[in-house]
Amino acid sequence: MKVTIIGVGLIGGSMALDIQRLYENAVIIGIDSNENHLNEALTLGLIQQKGNLNDDFDGDFVILAVPVDVALLILPKILDSISENTIVIDVGSTKKPICESVENHPKRSNFLASHPIAGTEFSGPKAAIENLFEDKVNIICEIEKTAYKKQEKALELFRNLKMRIRYMEPKSHDKHIAYVSHLSHISSFMLGKTVIEKEKDEKDIFDMAGSGFESTVRLAKSSPSMWTPIFKQNKKQIIKSLEEYIANLSSFKSFLESDDYEAIFNEMKNTNRIKEILK
């Protein structure tokens, strides 16, 4: 097993750990725009060799785990440089733009668009952890455009990583992920911003922050370098989800202003069914 991982942070590094655990004598080559990250990945044993984007990619897999704006730029060049037997897998949080960027590429059949719904709020090689993907959903888009033998090769890897596979069209993926991931991050960032601004006037406010606040703003620790391009690429779907979210917030505010606590109770009671959905 020879694998090149482009972007040796949380997702790429975690895949590197699991592949080495699952495949004896696996060779992992790392490529990253941050030389310190590459050196760190070597020290941590995530990779065995350094590579660069000018290499010819002749291994089993190239895993593209970079910010989505970078992925758009380099994916076509990577496909230009791969061997016939190599499959390129991206793991980005937006799928429609990446699929469109290579829809007419002569080696489109060597590419598989995926999105493992896994991660933490941390980034960089030190954030990599084993078994990150176990029992996590992996969304695969446009599977029919990937050559059958390469599909099987990728699906075997995903099964060994113990992922749960779902198939979805890129547009549907971007629509749904705007609600359950992108909106969550925006909410977390903006709640954190609101409290930080209040803290300027009331210095002891963070002394009162409990586990509820901490869990709600956890995602605000995420990398702006990764999330700004995601928001840019999925702008249309995110704006729609924000409009609906803001409407619900405004409605809640109106209930408070009018002392309609029965309506507030009912809103929360109706939303409690999320406990059944997210068992």
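What counts, and where the lines are drawn
- Residues numbered from 1 in each chain as written.
- Predicted model: local features only at pLDDT ≥ 70, side-chain atom pairs only at ≥ 80, totals over all residues.
- Heavy atoms only, no water.
- Disulfide = S-S within 2.5 Å.
- Buried < 20%, exposed > 50% of the residue type's maximum accessible area, 1.4 Å probe, protein only.
- Helix = DSSP H or I, 4+ residues; strand = E, 2+ residues; numbered from the N terminus.
- Pairing = 2+ DSSP bridges.
- Contact = heavy atoms within 4.5 Å.
- Axes fitted to C-alpha atoms, helices over the stretch in contact; angles between N-to-C directions.
- Phe/Tyr/Trp six-rings, centres within 6.5 Å; stacked < 30°, edge-to-face > 60°.
- Lys NZ or Arg CZ within 6 Å of the ring centre and 35° of its normal.

Undergrad: So what exactly am I meant to see when it comes to the state of the cysteines here?
TA: Chemically, a disulfide is nothing more than a covalent bond linking the sulfur atoms of two cysteines. In this structure the tally under the stated criterion is 0 disulfides. With no disulfide partner, C99 has as its closest neighbouring cysteine sulfur the one in C141, 5.6 Å distant. C99 sits in the buried class, given a relative accessible area of 3%.

Undergrad: What exactly am I supposed to notice about the environment of E100 here?
TA: The residue E100 is located in helix 4 (residues 96-101) in this model. Judged by its relative accessible area of 43%, E100 falls in the partly exposed class.

Undergrad: Mind showing me how you'd approach the sheet that holds strand 6 (residues 111-116) here?
TA: Strand pairing in a sheet relies on backbone hydrogen bonds, with the paired strands running either antiparallel or parallel. Pairing in this open sheet of 8 strands is mixed, and the strands run 3-2-1-4-5-6-7-8 from one edge to the other. At either margin of the open sheet sits one strand with a lone partner, and together these are strand 3 (49-50) and strand 8 (164-168). By the bridge criterion, 2 bridges tie strand 2 (residues 27-31) to strand 3 in an arrangement that is parallel. If you follow I29 over to strand 3, its bridge partner there is Q49. Across the face of the sheet, helix 6 (residues 170-199) comes into contact with strand 6, strand 7 (137-141) and strand 8 while running at roughly 115° to strand 8.

Undergrad: Explanation requested: the packing of aromatic side chains in the structure shown.
TA: The geometry of an aromatic ring pair is captured by two quantities: the separation of the ring centres and the angle between the planes. Scanning the model with the defined rule gives 1 aromatic pair in all. Centre to centre, the rings of W227 and F231 are 5.7 Å apart; their planes meet at 40°, and the pair counts as tilted. Of this pair, W227 and F231 both sit in helix 8 (residues 224-233), separated by 4 residues, roughly a single helical turn. Across from the ring centre of F61, 5.6 Å away, lies the NZ or CZ of K153, which sits over that ring.

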